[in-house]
Amino acid sequence: MKALLIKYKAVVKFILTFLLVYIGFSLLYSWYLDVSDGSKYYPDYMTHLVSKQTDVVLNTLGYDVKMQPHPDEPSMKVIVNGTYLARIIEGCNSVSVIILFVSFIIAFSEKFKTTFLFLFAGSVLIYTVNLLRIVLLTVGLYHYPGHSDFLHSVVFPAIIYGMVFLLWVFWVKRFSKKKKTRE
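Overview of the structure.

A word on the sheet that holds strand β3 (residues 83-89)
Strand pairing in a sheet takes place through backbone hydrogen bonds and is either antiparallel or parallel in direction. The sheet built from three strands is open, its strands ordered β1-β2-β3 with antiparallel pairing. Because the sheet does not close on itself, it has two edges, and the strands there are β1 (65-69) and β3. This sheet shows a mean twist of 25° between the axes of neighbouring strands, independent of strand direction. Bridge count between strand β2 (residues 75-80) and β3: six bridges; the pairing is antiparallel. Counted as the bridge partner of Lys77 is Arg87 from β3. Where helix α3 (residues 45-60) meets the sheet, it contacts β1, β2 and β3, and its direction lies at approximately 165° from that of β1.

Some words on the packing of aromatic side chains
Going through the model one piece at a time under the given rule, you end up with 13 aromatic pairs. Summarising the aromatic geometry, the rings of Phe118 and Trp171 are spaced 4.8 Å apart at their centres and angled 35° between planes, so their arrangement reads as tilted. With Phe118 in helix α5 (residues 112-143) and Trp171 in helix α6 (residues 148-174), the pair connects residues that are 53 residues apart, well separated along the chain. Take Phe118: its relative accessible area is 10%, and that puts it in the buried class. Members of the aromatic cluster, each reached through a chain of ring pairs, are Phe14, Phe18, Tyr22, Phe104, Phe108 and Trp168. The aromatic ring of Tyr84 is capped on one face by Lys77, whose charged end is 5.0 Å from the ring centroid.

Some thoughts on unusual backbone geometry
Residue Pro43 follows Tyr42 across a cis peptide bond; omega there is -5°. Looking at the secondary structure, you find Pro43 in the loop between α2 (9-35) and α3. One non-glycine residue, Asn81, adopts positive backbone phi at about 50°. As for its position among the elements, Asn81 is in the loop between β2 and β3. Located in the positive-phi region is Ser94, a residue other than glycine, with phi close to 75°. Checked against the element boundaries, Ser94 lands in the loop between β3 and α4 (95-107).

Observations concerning the side chain of Thr115
Locating Thr115 in the fold gives a position in helix α5. Judged by its relative accessible area of 7%, Thr115 falls in the buried class. Residue contacts for Thr115: discarding those within four places in its chain leaves Ile105, Ser109, Glu110 and Trp171.

Overview of a nonpolar patch on the surface
On the surface, a cluster of nonpolar side chains totalling about 730 Å² of accessible area is made up of Leu4, Tyr8, Val11, Ile15, Leu19, Tyr22, Ile23 and Leu27. Considering every element that reaches the nonpolar patch, the biggest residue donor is α2, with six residues. Considering the arrangement of structural elements, one finds Leu27 in helix α2.

Details of the environment of Glu90
Relative to the assigned elements, Glu90 resides in the loop between β3 and α4. Classification of Glu90 by relative accessible area gives partly exposed; the value is 25%. As for Glu90 and Tyr45, which are separated by 45 residues in sequence, their C-alpha atoms are 9.7 Å apart. When sequence neighbours within four positions are dropped, the list of residues in contact with Glu90 reads Tyr29, Leu33, Asp44, Thr47 and Ser96.

Definitions and cut-offs
Sequence order as written defines residue numbering, which begins from 1 separately in each chain. Side-chain atom pairs in this predicted model are given and counted only at pLDDT of 80 or more, local residue features only at pLDDT of at least 70, and totals for whole chains, interfaces and linings cover all residues. Side-chain figures throughout are based on the complete set of non-hydrogen atoms in the structure, without hydrogens or water. DSSP-based pairing: two strands are paired if at least 2 bridges between them are found. Secondary structure counts use DSSP, requiring at least four H or I residues in a row for a helix and at least two E residues in a row for a strand, with both numbered from the N terminus. Lines fitted to C-alpha atoms define the axes, with helix axes restricted to the stretch in contact, and inter-axis angles between N-to-C directions lie between 0 and 180 degrees. Contact definition: two residues touch when any of their heavy atoms are within 4.5 Å. For this analysis, a ring pair means two rings from Phe, Tyr or Trp (six-membered ring only for Trp) whose centres lie within 6.5 Å, classed as stacked if their planes differ by under 30 degrees, edge-to-face if by over 60, and tilted for the remaining angles. Relative accessibility under 20% of the residue-type maximum defines a buried residue, over 50% an exposed one, and the middle range a partly exposed one, all with a 1.4 Å probe and only protein chains included. Our definition puts a charge over a ring when NZ of Lys or CZ of Arg is within 6 Å of the ring centre and also within 35 degrees of the ring normal. Only residues above 30% relative accessible area that lack a salt bridge enter a patch, with like-charged residues linked at up to 9 Å and the nonpolar side chains Val, Leu, Ile, Met, Phe, Trp and Tyr linked at up to 5 Å. Surface exposure here means Shrake-Rupley accessible area, sampled with a 1.4 Å probe, where a residue is shielded only by the protein chains that are shown. We define a salt bridge as a side-chain nitrogen of Lys or Arg found within 4 Å of a carboxyl oxygen belonging to Asp or Glu.

Structure, rendered in structure tokens:
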């Protein structure tokens, strides 16, 4: 067993680092959600922010959009031209996806400055693409309501998780010291 641990030290270190960072940030995020009472920013600040930014982008594109707090659950109702189309829940705000992204990058970390800059740029990109994903999903639901399951369950998760995967590959190929030590 000890020989295997020594042989696969880098893999074990990656897995443990990933898990510790992921669990740590997930616990912090869970705590944040627990202390968010929704009195000022409903249902929580990040979900509220994504909802308001979605509203601004859609209104800029010419849609008459209203975001309203859902009376029965912690979410924001998306109403386009008087039609209730969707709801933006906590899972739509990209924080969980950013935690997954950050955990992988830290587990494959490079120099502090390089890692920090990539984490910052990647997180901003994920947030922005997620916002655009919600805008496109809303437009798709408005114009093609019969395709809502396919759009929400297949196309749009593929966009966000596909981009995270590409960022991971880019990080490993371009910046990771683990790649350089194997060559």
